[in-house]
Amino acid sequence: MNIRKKIATLAAAVPLLLGASVAIAPAASATDVCGDGYVCIYQGDVWDGSSNHPMVYRFYNYGTYNVQNLIGDYTVRNCQTGGAGVMGLTGWNGTGSIAWNLTSNNCSTGLWTSLTSTNSVKVYA
């Protein structure tokens with residue numbers, strides 16, 4: 001195959017590749033649903049009308065989890081059942097002071113707040 005045919009073949013394939021990439025990008029960046037029983041942390045305010053708020057953390061089991069790079073405003077949704085709560089703490093491994101505390105399910109509203117001081121999250125009964 002000569003060089004012109006190779007270039008033509010490549011040029012024909014590029015729009016297909018770009019089209020697939022463009023079609024996939026919105027789905028990958030859309031706000032994922034926080035299912036029953038989970039605590040989810042999303043970047044930004046999930047109620048601002050935009051569908052582009054990536055879920056950065058999702059917890060299901062009780063316990064303490066270290067988190068990092070939570071700079072700025074996030075939405076925390078507590079979709080757990082049975083009265084379970086979740087709190088953000090300023091130190092690693094559940095130490096430090098309480099930065100925020102959701103003592104009940106807030107799945108329908110969420111908590112929109114700065115999580116800059118949050119270094120660990122505790123999911124509790």
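Rules of the game
- Residues numbered from 1 in each chain as written.
- Predicted model: local features only at pLDDT ≥ 70, side-chain atom pairs only at ≥ 80, totals over all residues.
- Heavy atoms only, no water.
- Pairing = 2+ DSSP bridges.
- Helix = DSSP H or I, 4+ residues; strand = E, 2+ residues; numbered from the N terminus.
- Axes fitted to C-alpha atoms, helices over the stretch in contact; angles between N-to-C directions.

1. Here's the deal with the sheet that holds strand 5 (residues 85-89)
Phase 1 of the analysis: Judged by pairing direction, the sheet is antiparallel, and its four strands sit side by side in the order 3-8-5-6 without closing on themselves. Bordering the open sheet on either side are strand 3 (63-66) and strand 6 (98-102), each of which pairs with just one other strand. Neighbour-to-neighbour, the strand axes of this sheet turn through a mean angle of 15 degrees, independent of strand direction.
Phase 2 of the analysis: Bridge count between strand 5 and strand 8 (residues 120-124): five bridges; the pairing is antiparallel. Among the inter-strand pairings, Val-86 is bridged to a residue of strand 8, identified as Val-123.

2. Details of the sheet that holds strand 1 (residues 39-43)
Phase 1 of the analysis: A sheet is described by the order of its strands in space; here four strands give the open sequence 2-1-4-7, paired in antiparallel fashion. Strand pairing shows two members of the sheet lacking a second neighbour, strand 2 (55-59) and strand 7 (111-114), which therefore form its edges. If you compare each strand with its neighbour and ignore which way they point, the axes differ by 20 degrees on average.
Phase 2 of the analysis: Judged from the four bridges that link them, strand 1 and strand 2 form a sheet pairing that is antiparallel. Bridged to Val-39 within strand 2 is Phe-59.

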